[in-house]
Amino acid sequence: MDKSTLKEGFLGQRIIILPNEVKNRLKNNTVTSNFFISDIGYFPKASAHFRKRKIDHGDYIFIYCVEGTGWVKTEGIKKIISPNQYIIIPKHLAHAYKSDKNDPWSIYWMHFDGKSAESLYNRYKLNKNETIPFNNNRIKLFNQIFEILNNNYLDTQLEYANILSLNFISAFIYNEVEVSTNIHKHDNLVGIVTNFLNKNISKSFKSEDIATYF
């Protein structure tokens, strides 16, 4: 990394690096030992952002781009990351990533590990699409996690923040399941409303009445 690139220090950035003592507590906590985050942050319009790590880094790295573009390079393959795309970099794999010079990315990111982290990563690798529809609820959840960790490191706070973090990352990995479930919910509701109208075919209902009823 030269003087023209930055690891961090972007205007408006938010970042938390958990102390090693806290990481060890998370690793040995029965609630969080399966999944826990060690670092979390948001870099808006991160011009000149660049990181390069050798093979000895020990966390899985989640990156979600909401604006601009950048690239991630692993095993000699460079992948362009655009808005509404995410990527997970496995631990113990040399890699580099960089924000686009002319259209710098804005990214939400987490470093995570735990007993189930490898299984989650393997599930992620089976996904055919790393582009997902933007959902503001995910951003709200991220902000909630950040505020909890920014408050204190009590065990209950840490446990809750990491449970939410697993939920956050799972929403990306299992996005197709989430979408499918919502479609089925919609289909079920349509069927229920249709059945109700058929049973009350002699009555007249306004759309507001139906909406209120259901």
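This section reports on the structure supplied with the text. Values in this document were obtained by computation on a predicted structure and should not be read as measured data. (Residues numbered from 1 in each chain as written. Predicted model: local features only at pLDDT ≥ 70, side-chain atom pairs only at ≥ 80, totals over all residues. Heavy atoms only, no water.)

**Some remarks on the side chain of aspartate 39**
Part 1 of the argument: Relative to the elements of secondary structure, aspartate 39 occurs in strand 2 (residues 36-43).
Part 2 of the argument: It turns out aspartate 39 is buried and unbridged, and the closest side chain with the opposite charge, lysine 23, is 4.0 Å from it.
Part 3 of the argument: Aspartate 39 has contacts with Ile16, Ile17, Leu18, Lys23, Trp109, Met110 and His111, leaving out every residue within four places of it along the chain. (Helix = DSSP H or I, 4+ residues; strand = E, 2+ residues; numbered from the N terminus. Buried < 20%, exposed > 50% of the residue type's maximum accessible area, 1.4 Å probe, protein only. Lys, Arg positive; Asp, Glu negative; His and termini not counted. Salt bridge = Lys/Arg side-chain N within 4 Å of Asp/Glu carboxyl O. Contact = heavy atoms within 4.5 Å.)

**Re a positive patch on the surface**
Part 1 of the argument: A surface patch of like charges, here positive, comprises Lys52, Lys54, Lys73 and Lys78.
Part 2 of the argument: Tracing the sequence through the fold places lysine 54 in the loop between strand 3 (50-53) and strand 4 (60-67).
Part 3 of the argument: Taking relative accessible area as the criterion, lysine 54 reaches 67% and is therefore assigned exposed. (Patch = residues over 30% accessible without salt bridge, like charges linked within 9 Å, V, L, I, M, F, W, Y side chains within 5 Å. Areas by Shrake-Rupley, 256 points an atom, 1.4 Å probe, with all protein chains shown as cover. Charge placed at Lys NZ, Arg CZ, Asp CG, Glu CD.)

**With respect to the nonpolar core**
Part 1 of the argument: Ile40, Phe62, Ile88, Met110, Phe112, Ile145 and Phe168 are the most contacted members of the largest nonpolar core, which has 50 residues in total.
Part 2 of the argument: Mapped onto this core, the elements with two or more residues apiece are helix 1 (20-28), strand 2, strand 4, strand 7 (85-89), strand 9 (106-113), helix 2 (117-125), helix 3 (136-151) and helix 4 (155-173).
Part 3 of the argument: If sequence neighbours within four positions are ignored, phenylalanine 168 has contacts with Phe62, Met110, Arg138, Leu141, Phe142 and Ile145. (Core = buried A, V, L, I, M, F, W, Y, C linked by side-chain atoms within 4.5 Å.)

**A word on the packing of helix 3 against helix 4**
Part 1 of the argument: Packing of helix 3 against helix 4 brings their axes to within 9 Å, and their N-to-C directions diverge by 155 degrees. Taken together, the axes of helix 3 and helix 4 lie roughly antiparallel to each other. In this structure, helix 3 crosses over helix 4, and the sense of that crossing is left-handed. Note on element contacts: helix 4 touches helix 3 through Gln157, Leu158, Tyr160, Ala161, Leu164, Ser165, Asn167, Phe168, Ala171 and Phe172, opposite Arg138, Leu141, Phe142, Gln144, Ile145, Ile148, Leu149 and Asn151. (Axes fitted to C-alpha atoms, helices over the stretch in contact; angles between N-to-C directions. Parallel < 35°, antiparallel > 145°, perpendicular 65-115°, else oblique. Left-handed = near helix turned anticlockwise from the far one by under 90°.)

**Examining the sheet that holds strand 1 (residues 14-17)**
Part 1 of the argument: As summarised here, the arrangement of the 5 strands in space is 1-2-9-4-7, forming an open sheet in which the pairing is antiparallel. Since the sheet does not close on itself, it has two edges, and those belong to strand 1 and strand 7, each with one partner. On average, each strand axis in the sheet is inclined to that of its neighbour by 15 degrees, with strand direction left out of account.
Part 2 of the argument: The pairing of strand 4 with strand 9 spans 7 bridges and is antiparallel. The partner of tyrosine 60 across the bridge, within strand 9, is phenylalanine 112. (Pairing = 2+ DSSP bridges.)

**Remarks on the side chain of histidine 49**
Part 1 of the argument: Its place among the elements puts histidine 49 in the loop between strand 2 and strand 3.
Part 2 of the argument: The exposure class assigned to histidine 49 is buried, which follows from its relative accessible area of 2%.
Part 3 of the argument: Of the polar contacts made by the side chain of histidine 49, one reaches the side chain of tryptophan 105; its length is 3.2 Å.
Part 4 of the argument: Beyond its immediate stretch of four places on either side in the chain, histidine 49 contacts Leu6, Lys7, Phe10, Phe43, Tyr97, Lys98, Ser99, Trp105 and Ile107. (Polar contact = N/O pair within 3.5 Å; in protein donor to acceptor, adjacent residues only side chain to side chain.)

**Quick notes on the packing of helix 1 against helix 4**
Part 1 of the argument: Relative to each other, helix 1 and helix 4 sit at 70 degrees, their axes nearing to 11 Å. Between helix 1 and helix 4, the crossing angle belongs to the class labelled roughly perpendicular. On the side of helix 1, the interface is formed by Val22, Arg25 and Leu26, while helix 4 contributes Asp155, Leu158 and Asn162.
Part 2 of the argument: By residue class, the composition of the contact of helix 1 with helix 4 is 3 nonpolar, 1 polar and 2 charged. (Nonpolar A, V, L, I, M, F, W, Y, C, P; charged D, E, K, R; others polar.)

**Thoughts on helix 4**
Part 1 of the argument: When the terminal C-alpha atoms of helix 4 are compared, their 27 Å separation across 19 residues agrees well with the 27 Å that a helix rising 1.5 Å per residue should span.
Part 2 of the argument: When helix 4 is considered as a whole, its buried residues turn out to be Leu158, Ala161, Asn162, Leu164, Ser165, Phe168, Ile169, Ser170, Ala171, Phe172 and Ile173. (Expected span 1.5 Å × (residues − 1).)

**As for the pattern of salt bridges**
Side chains bearing opposite charge may pair, as long as their charged atoms lie close to each other.
Part 1 of the argument: Inspection of the entire model under this criterion finds 6 salt bridges.
Part 2 of the argument: Of the charged contacts, one joins lysine 45 and glutamate 67 as a salt bridge, the two residues approaching to 2.9 Å between their closest N and O atoms. Linking lysine 45 in the loop between strand 2 and strand 3 with glutamate 67 in strand 4, this pair joins segments that are 22 residues apart in sequence.
Part 3 of the argument: Look at lysine 45 and you get exposed, because its relative accessible area is 52%.
Part 4 of the argument: Among the residues examined, glutamate 67 registers a relative accessible area of 36% and is labelled partly exposed.
Part 5 of the argument: Lysine 79 is the salt-bridge partner of glutamate 130, the closest N and O atoms lying 3.1 Å from each other. Taken together, the residues span a long stretch of sequence, with glutamate 130 in the loop between helix 2 and helix 3 and lysine 79 in strand 6 (residues 77-81) at a distance of 51 residues.
Part 6 of the argument: The class of lysine 79 is partly exposed, set by a relative accessible area of 33%.
Part 7 of the argument: Shared partners join several salt bridges into a network, and the residues in it are Glu21, Arg25 and Asp155.

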